[in-house]
Structures are given as structure tokens and as C-alpha cells.
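# Remarks on the overall topology
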Amino acid sequence: MKKLLFIAVLAIFGMFNAQAQDAKFGVKVGYTNITAKADFGEESVSVSESGFYVGALVDFTVNESFHVQPEINYANVEETNFLYIPVLAKYYISESGFQLMAGPQANFILDSYEGVNSFGLDLTLGAAYDIDEHFFIEARYSFELTNRIEDGGDYDVSGKYNTLFVGIGYKF
């Protein structure tokens, strides 16, 4: 599964690299808050923890208003490490630099926990603002679509990680 995802990410990078008029590379850093939620039939429990993230991106210009931005981000919350790989469609609202973004995101728990799937798939929604040609700020939220519990046995159990990212970045 991880090899297939890696090949898919490389194919997406290559496809947009060939078709894009312009591409910028960038780095970013910021605050993250990850909420773990478990549902047990009619009962649910959730806990939120804060940490940081760092990442790299490529911003492909498809046209003046539409960009595609694949990324790779490392996040650490408490003692748990995550890897996020989103592919975001960005739509520039106006020439002011304000943009909306959405897209799928693969995420991996880099630590091993018994009974928990390491792979998850999210839907990411957010907004960003280009401060100038190089600096930008962003905020986004990822809703997990997959169940992280490997086997609930006879019980109706599900677990998800939802993630908030707020950060600043620099494009070269």
C-alpha cells in the first residue's frame, strides 16, 4: 500500500510538472492540533493534542486562478509522529493572494500501535493568503474518511484522526 501511494505521488508530481506553466517550491512550518475520536456504538470519546508540523511543497500553476499543490508534511503531537501527503487544488479568489484549497490527503502514523491502522485517508479544506511573492500563511482542517481501528470484534467501533494545521511558509 505504501509503495502504491509513493508511486501515485510521483506520477502526480510528474504529470503536473509536464503540464504546468510555472512551478514554485516551498517550505512551511506551523502549529497542529490532532483530535482522536473513537465511537463505540452510541458512545464516543475524543481527545485533542497540540504539536508542530514542518513540510515541503510544490505549487504548480495551471492557470492564473487555479493551482495544484502536492506536499509532504511531518507532524509531531505528544510522542506520536505523523506523515501527511496532501494533493490540494487551490483556487485564487482574486489578485489579492487569497485562495481556497481542497483535496485528498494520505496520512500515516509513523509509530506502531496495536489495533490501529497506520494508514488513513482524509478530505482537506482550507484557505491561504500570499503575503508577498514568497511568504504565505495558511489554515486548513482535515477530516478523516477511514476507520483506524483494525478489528472491533463483536463491537461497532471506529476511530478517526482529524487535523488542524495553521502555519507560515516560504516559496522559492
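The numbering scheme is per chain: residues are counted from 1 as the chain's sequence reads. It should be noted that, the model being predicted, local features are given only for residues of pLDDT at least 70 and side-chain atom pairs only at 80 or more, the latter also being counted only at that level, while totals for whole chains, interfaces and linings use all residues. To get the side-chain values, all heavy atoms of the structure are used, and hydrogens and water are removed first.

### Looking at the overall build of the chain
Stated precisely, the cut-off is as follows: Secondary structure follows DSSP: runs of H or I at least 4 residues long count as helices, runs of E at least 2 residues long count as strands, and numbering of each begins at the N terminus. The buried label applies to any residue whose accessible area, calculated with a 1.4 Å probe on protein chains only, is under 20% of its type's maximum; exposed applies above 50%, and partly exposed to all values in between. Contact criterion: two residues are considered in contact whenever any of their non-hydrogen atoms come within 4.5 Å of each other. Shrake-Rupley sampling with a 1.4 Å probe provides the accessible areas, and residues are treated as covered by the protein chains on show and by no other component.
Looking only at helices and strands, one finds one helix and eight strands in the chain. Walking the chain from its N terminus toward its C terminus, one meets helices and strands in the order α-β-β-β-β-β-β-β-β. Counting the 172 residues in the chain, one finds 40% classified as buried. Taking the intrachain contacts of the chain between residues at least 6 apart in sequence as the baseline, contacts between residues at least 24 apart amount to 54%. For the chain, the computed accessible surface area is about 9500 Å², with 61% contributed by carbon and sulfur atoms.

### Overview of the nonpolar core
Rule in force here: Among buried residues, those of type Ala, Val, Leu, Ile, Met, Phe, Trp, Tyr and Cys that are joined through side-chain atoms within 4.5 Å constitute a nonpolar core.
Grouped together as the largest cluster of nonpolar side chains are nine residues: Ile-34, Tyr-53, Ala-75, Val-77, Phe-82, Tyr-84, Ile-109, Tyr-161 and Phe-165. Secondary-structure elements contributing two or more residues to this core are β3 (66–77), β4 (80–92) and β8 (157–171). Dropping the residues within four chain positions of it, Tyr-53 is found in contact with Lys-28, Val-29, Gly-30, Tyr-31, Thr-32, Asn-73, Tyr-74, Ala-75, Glu-138, Phe-165, Val-166 and Gly-167.

### Points about the pairing of strand β1 (residues 22–40)
For the record, the criterion: Only strands joined by at least two bridges in the DSSP assignment are considered to pair.
With 19 bridges connecting them, β1 and strand β2 (residues 43–61) associate as antiparallel partners. Residue pairing in the sheet places Phe-25 in a bridge with Val-58 of β2. Where β1 folds back on β2, the antiparallel hairpin that results is connected by two residues, among which Gly-41 adopts a positive phi of roughly 65°. As paired elements, β1 and β8 share 15 bridges and run antiparallel to each other. Note on β8: the bridge partner recorded for Val-29 is Ile-168.

### Observations regarding the environment of Gly-51
Topologically, Gly-51 is positioned in strand β2. C-alpha of Gly-51 to C-alpha of Asn-81: the two residues are 30 residues apart in sequence and 9.9 Å apart in space. Filtering out sequence-adjacent residues up to four positions away, Gly-51 remains in contact with Gly-30, Tyr-31, Thr-32, Asn-76 and Val-77.

### Focus: the sheet that holds strand β6 (residues 119–130)
What counts here: Comment: axis = line fitted to C-alpha atoms, over the contacting stretch for helices; angle = value between 0 and 180 degrees taken between N-to-C directions.
Taken in spatial order, the eight strands of this closed barrel run β1-β2-β3-β4-β5-β6-β7-β8, and their pairing is antiparallel. For this sheet, the mean angle separating the axes of adjacent strands, direction not counted, is 25°. Pairing of β6 with strand β7 (residues 135–144), which is carried by nine bridges, proceeds in the antiparallel orientation. Paired with Leu-123 across the strands is Phe-143, a residue of β7.

### Quick word on the layout of surface pockets
Keep this limit in mind: Here a cavity means grid points, on a 1 Å grid over the protein atoms only, where a 1.4 Å probe fits yet cannot get out; a pocket means an open set of points with protein on both sides within 12 Å along at least five of seven lines; lining residues are those with an atom within 4 Å of a point. Grid points are joined across faces, edges and corners, and a volume is the space filled by probe spheres set on the points. As a working rule, the residues Ala, Val, Leu, Ile, Met, Phe, Trp, Tyr, Cys and Pro are called nonpolar, Asp, Glu, Lys and Arg charged, and the rest polar, with Gly in that last group.
In this structure, the largest pocket encloses a volume near 380 Å³. Glu-64, His-67, Tyr-92, Gly-97 and Asp-130 are, among the 17 residues lining the largest pocket, the residues nearest its centre. Elements supplying a minimum of two residues to the lining of the largest pocket: β1 and β2. Classifying every residue of the lining of the largest pocket by side-chain character gives one nonpolar, seven polar and nine charged.

### As for the pattern of salt bridges
Put simply, the rule is: In what follows, salt bridge is the name for a side-chain nitrogen of Lys or Arg lying within 4 Å of a carboxyl oxygen of Asp or Glu.
Considering all chains together, one arrives at eight salt bridges under this definition. With its nearest N and O atoms 2.8 Å apart, the salt bridge here joins Glu-71 to Arg-140. Linking Glu-71 in strand β3 with Arg-140 in strand β7, this pair joins segments that are 69 residues apart in sequence. In terms of burial, Glu-71 and Arg-140 fall into one category: buried. The partner of Arg-140 in a salt bridge is Glu-138, with the nearest N and O atoms 2.8 Å apart. In this pair, the class of Arg-140 matches that of Glu-138, namely buried. Overlapping salt bridges, with partners in common, bring together Lys-28, Glu-71, Glu-138 and Arg-140 in one network.

### Some words on the side chain of Asp-130
To keep it simple, the criterion reads: Polar contact is defined as a pair of N or O atoms within 3.5 Å, subject to the rule that within protein one atom must be able to donate a hydrogen and the other to accept it, and that residues adjacent in sequence are counted only when both atoms are side-chain atoms.
Relative to the elements of secondary structure, Asp-130 occurs in strand β6. Overall, the relative accessible area of 17% leaves Asp-130 in the buried class. Polar side-chain contacts of Asp-130 include one of 3.0 Å to the side chain of Tyr-92.

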